[in-house]
Every structure is written in C-alpha cells, then in structure tokens.
Amino acid sequence: MPIEDLSAMLNQTPEELVRQADSHTRTVQAWLSSLAPAAARMDGIGVKATSTGLPIPLLNLVLGGSYPPGTADEIIASEIEAVKDFFAERSVPWYWWLSPGHCFPRLAQLLEQQGLILDHPL
C-alpha cells in the first residue's frame, strides 16, 4: 500500500508515519537485544547500536543517526568507526539502517566514505 493511502486511511502525515515506524523499529530492536544472553549496547553521540550477539544481521543494528545540529563530520566519522569496532569485537554481522526521515542529511555519504555499503531504506 502506498504511504499516501496509508496516511489518508490513518489520518496522519507521511512524515508522522515514518517517525512512528522508526520509533517502533528501534523499540523492538532494543527489546530483542535486551533479552539475548549476550546482549550489548553502544551509546554514541548520535546513535545507539544494539546487538544480540547472534549471527543474524537483523538482530545487530544501528538505526538512523540523530546528531545535534552543527556536529562536525569528523566527529560523526569517529563515531562510525566506533560502531564498526563495536560489532567487529562482537564478531557478528550487522546493519546500519537509515530511514527516509533520518535526522542528519549527510549521514549516508559519511557512512559510504567510511567503507559501509548502503542498502535501500526500510
């Protein structure tokens, strides 16, 4: 179903639906990883990475990136490297998902500059 149809049916803007879906996905992921025996979380400046420790990429995630306005590219690049190190230490495959409504416009470009390959957004 196109988002415009869903928006009309639920009487909410497409932007609000995207925000709600992002929030729900983050909540479910945090809940899943909190139940795993080997669960871990990394809190950064603009990201929260959660990991079950299981070898399933969809259970080891970074969702979005909410950096404060004016955050320097160098700081974000450093955080991207910290996220990569976090998952490398856990030896699990993982995803960094960007929704159509993520908060930092250059994040996709910075991720690619740090060697990450982007999939289509959810």
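Treat the numbers as computed from the prediction; the structure is a model and nothing was measured.

**Some thoughts on helix α2 (residues 14-35)**
Each α-helix turn comprises 3.6 residues. Residues three or four places apart therefore point the same way.
Argument step 1. Taking 1.5 Å per residue, 22 residues should reach 32 Å; α2 reaches 32 Å between its end C-alpha atoms and fits that length.
Argument step 2. Along α2, the positions that sit buried rather than exposed are Leu17, Val18, Asp22, Gln29 and Ser33. Along α2, the residues classed as buried sweep out an arc of 135° about the axis, all on the same side. Exposed residues lying more than 90 degrees from the buried face of α2 are His24, Thr27, Trp31, Ser34 and Leu35.
Argument step 3. Where α2 is buried, its residues touch α1 (3-10), β2 (48-51) and β3 (60-63).

**Topic: the pattern of salt bridges**
Argument step 1. As enumerated under the stated definition, the model contains three salt bridges in all.
Argument step 2. Between Arg41 and Asp43 there is a salt bridge whose closest N-O contact spans 2.9 Å.
Argument step 3. When its relative accessible area of 46% is taken as the criterion, Arg41 is described as partly exposed.

**Description of the confidence of the model for the protein**
Any segment with low pLDDT has predicted coordinates that should not be analysed in fine detail.
Argument step 1. Here the protein averages 84 in pLDDT, and 93% of its residues register 70 or above.
Argument step 2. Here α2 stands out as the element of the protein with the lowest mean pLDDT, 80, in contrast to helix α3 (residues 73-90), whose mean of 94 is the highest.

**Remarks on the packing of aromatic side chains**
Aromatic ring pairs are reported here in terms of the distance separating the ring centres and the angle at which the planes meet.
Argument step 1. In this structure the tally under the stated criterion is three aromatic pairs.
Argument step 2. Judged by centre distance (4.9 Å) and plane angle (70°), the rings of Phe86 and Phe87 are edge-to-face.
Argument step 3. Since its relative accessible area comes to 1%, Phe87 is described here as buried.
Argument step 4. Joined through ring pairs, the aromatic side chains of Phe86, Phe87 and Trp94 make up one cluster.

**Notes on the environment of Ile80**
Argument step 1. Here Ile80 is to be found in helix α3.
Argument step 2. Taking the C-alpha atoms as reference points, Ile80 and Lys48, 32 residues apart in sequence, are found 11 Å from one another.

**Re the packing of α1 against α2**
Argument step 1. The interhelical angle for the contact between α1 and α2, taken along N-to-C directions, is 95°, at an axis separation of 9 Å. With respect to their mutual orientation, α1 and α2 come out roughly perpendicular. Residue-level inspection shows Ile3, Leu6, Ser7 and Leu10 of α1 in contact with α2, the latter providing Pro14, Leu17 and Val18.

**Digging into the sheet that holds strand β4 (residues 95-97)**
Argument step 1. In spatial order, the strands read β1-β2-β3-β4; together these four strands make up an open sheet with mixed pairing. At either margin of the open sheet sits one strand with a lone partner, and together these are β1 (40-43) and β4. For this sheet, the mean inter-axis angle between neighbouring strands, taken without regard to orientation, is 15°.
Argument step 2. Looking at chain direction, β3 and β4 are connected through three bridges and run parallel. Paired with Leu63 across the bridge in β4 is Trp97.

What counts, and where the lines are drawn
Residues numbered from 1 in each chain as written. Predicted model: local features only at pLDDT ≥ 70, side-chain atom pairs only at ≥ 80, totals over all residues. Heavy atoms only, no water. Helix = DSSP H or I, 4+ residues; strand = E, 2+ residues; numbered from the N terminus. Expected span 1.5 Å × (residues − 1). Buried < 20%, exposed > 50% of the residue type's maximum accessible area, 1.4 Å probe, protein only. Arc of directions from axis to C-beta. Contact = heavy atoms within 4.5 Å. Salt bridge = Lys/Arg side-chain N within 4 Å of Asp/Glu carboxyl O. pLDDT = per-residue confidence, 0-100. Phe/Tyr/Trp six-rings, centres within 6.5 Å; stacked < 30°, edge-to-face > 60°. Axes fitted to C-alpha atoms, helices over the stretch in contact; angles between N-to-C directions. Parallel < 35°, antiparallel > 145°, perpendicular 65-115°, else oblique. Pairing = 2+ DSSP bridges.

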